[in-house]
Amino acid sequence: MDSSFHQEMLKQAVAAAREGDYEASRDLVGQVLAEDEENIRAWLLLARLSDNINEKRMALTTVLNLEPDNTKAQELLDRLDAKLDKPEEDEFIPGISRRNLRLVIFSLIGVVVLLLGLLLFISNQRSAEEESEQRALSQQQSTAVALAATQTSYVTQTRAVVVATTEAWLTEITATHTLTPTPTITNTPTATSTRATALPPPDVAAGGTIYGWGREGLTVRENLPIVAVEVGSEINDPIFIGDGLEYEGIQVSVSASGNQLLYISVDGSSRQIRMISPEGERISPRLVEAVNNSGLALSDPWMPIFHPTDDSQYAVVGEDPRNGTLEVYLITAPAGDPIPAGGAEATPDPSAPSAQARRLTRDENADYTFPAFSPDGSQIVAVREDTSEDNPGFDLVVIDVETGTLAPLTTDRDALIETQPRWSPNGQVIAFAALTEGEPETQHDIYVLSADGSGNPIRVISDPADDIYPVYSPDGQSIAFASDRGIDYNIFIYNTGTQQVSAQVTDRDNEIYPGDWIP
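Remember, predicted model here, so these are calculated numbers, not experimental data.

**Student:** Which parts of the structure should I look at to understand the sheet that holds strand β24 (residues 478-486)?
**Tutor:** Strand pairing within a sheet occurs via backbone hydrogen bonds; the two strands may be parallel or antiparallel. Taking strand neighbours across the sheet as the criterion, the four strands line up as β23-β24-β25-β26 in an open arrangement whose pairing is antiparallel. Two strands in the sheet have a free side with no partner beyond their single neighbour: β23 (467-472) and β26 (500-504). Mean inter-strand twist for the sheet, computed between neighbouring axes without regard to direction, equals 35°. Strand direction decides the pairing type here: strand β25 (residues 488-495) and β26, joined by four bridges, are antiparallel. Bridged to Y494 within β26 is V501.

**Student:** Hey, could you run me through the layout of surface pockets in this one?
**Tutor:** To locate leftover empty space, one rolls a probe as large as a water molecule over the atoms. A volume near 1,100 Å³ is recorded for the largest pocket. As for the largest pocket, its lining consists of 44 residues, and the residues nearest its centre are K11, Q12, A15, E385 and F394. Of all the secondary-structure elements, those providing two or more residues to the lining of the largest pocket are α1 (3-18), α2 (22-35), β11 (299-306), β15 (366-373), β16 (379-386), β17 (393-400), β19 (416-423) and β20 (429-436). It is α1 that contributes the most residues to the lining of the largest pocket, eight residues altogether. Residues that form the lining of the largest pocket fall into these classes: 16 nonpolar, 12 polar and 16 charged. For the second largest pocket, the calculated volume is near 590 Å³. Of all the elements in the fold, those that place two or more residues in the lining of the second largest pocket are β6 (248-254), β11, β15, β19, β23 and β27 (512-518). For the lining of the second largest pocket, the element with the most residues is β27, which contributes three residues.

**Student:** Please clarify how the packing of aromatic side chains should be interpreted in this entry.
**Tutor:** Note on aromatic pairs: each is described by the distance of the centres and the angle between the planes. Tallying each qualifying case throughout the model produces seven aromatic pairs. Measuring from ring centre to ring centre gives 5.7 Å for F432 and Y447, while their planes differ by 10°; the resulting arrangement is stacked. On the criterion of sequence distance, the pair formed by F432 in strand β20 and Y447 in strand β21 (residues 445-450) is long-range, its members being 15 residues apart. Neither residue differs from the other here; F432 and Y447 are each classed as buried. Put simply, the rings of W213, Y469, Y489 and Y513 pair up and form one aromatic cluster. In this structure, R485 is placed above the aromatic ring of F492, and the distance from its NZ or CZ to the ring centre is 5.4 Å.

About the thresholds
Residues numbered from 1 in each chain as written. Predicted model: local features only at pLDDT ≥ 70, side-chain atom pairs only at ≥ 80, totals over all residues. Heavy atoms only, no water. Pairing = 2+ DSSP bridges. Helix = DSSP H or I, 4+ residues; strand = E, 2+ residues; numbered from the N terminus. Axes fitted to C-alpha atoms, helices over the stretch in contact; angles between N-to-C directions. 1 Å grid on protein atoms, 1.4 Å probe; cavity = no way out; pocket = protein on both sides within 12 Å on 5 of 7 lines; lining within 4 Å. Points joined across faces, edges and corners; volume = space filled by probe spheres on them. Nonpolar A, V, L, I, M, F, W, Y, C, P; charged D, E, K, R; others polar. Phe/Tyr/Trp six-rings, centres within 6.5 Å; stacked < 30°, edge-to-face > 60°. Buried < 20%, exposed > 50% of the residue type's maximum accessible area, 1.4 Å probe, protein only. Lys NZ or Arg CZ within 6 Å of the ring centre and 35° of its normal.

The following block contains the structure:
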């Protein structure tokens, strides 16, 4: 099979994973590996998608067997080993731990104490009547003889039970400590790797709250719980919005007032926009009923992002039902009254103004994704994928919100594959994640570019890990982003002043992604 076809299948697998469709992503990777067992990109992607530690190890080991100097695979394998490393319990003698020995000793002591208690109880039983003292003494002597025989029998039986139990423990421990031989991995002298070192928590001056989405537990879902993470002087666990896992989705955006959260809820192959308050109340705007000014239904909405100054407006990607292209729409939708979490959707008010969708892009030869507003709301930066046969590739464009006019920001096509752009608060810089041509789909770095298009993109965050979803802090001094440099995606902070990845916000054994950062 043509390698370019496999490459396209892997691109589709990455896209499916980003949309939350992990099952489809794994199926695509499996098809590639069934036809090309030496496809390194497919094995790396499988290691990222799998929740099974043994499968992760197998995939990474396969990469290193195929390409011994692959530092990405070696580093991920080292990190996986570091998380699995646990100190072995001391053994008093080979095969018997001190803990097990203590259990045996305590059991024997308990038996002896019980026997002594019985002897003491029997010896204190005297008759109150003086005339029967002799008879009581005779009875005690008889009882002592019987007890001695009983004691001997009981201790013998107890010793047999303890010996049998100890033998069973030895058998179990021996079986548990028998290691399955692992394949030998040969590295070239130039292949080096280091274990991940946890970064310090952010400086409290950074402050604010990052809203995003993240997994609770190891279950793979299309949707992930909506979360809030306080940025302070220590690494914090995320706060799950709503009642337990009531609200799940991806691609979270916060309104200018901070009172509304937009996100996408994935249901199989379809998507819907949801809106909640930070306190976990459902809000019912007429989002999915929106109709654009040409009468075309807004189909399969995706990647919503709030207007920076107007809570009733947001941009969203929708599919043009005529030709299937992805276009950018501007939605104006007054929100409904909030209702308690877990309740039914509010009944729309017939007298309320209807939501409107205005199409900003019209391009039969391109798909537009990841729109993001400029600070004043007059422009939108988006990713444009040219799908024509003559000159396909990815670039960034700037869209004038009022006129719909497009201006190219980058023109390198696939030399740099841009995604997830976000504007800085002062409007001068755009940060985005990107791959250079030929890199694995799970190895993005973070770049910045002047918002007026002057100069070349500058790579500011570079690591063998996958660094994605850059989000500026409210003061523009920091960029939060998600990275799997610790195996699982967590949120890290890049300081624009020191130009260093200076802090870590979350440290969980599952995925956390940033959507918006508010004061």
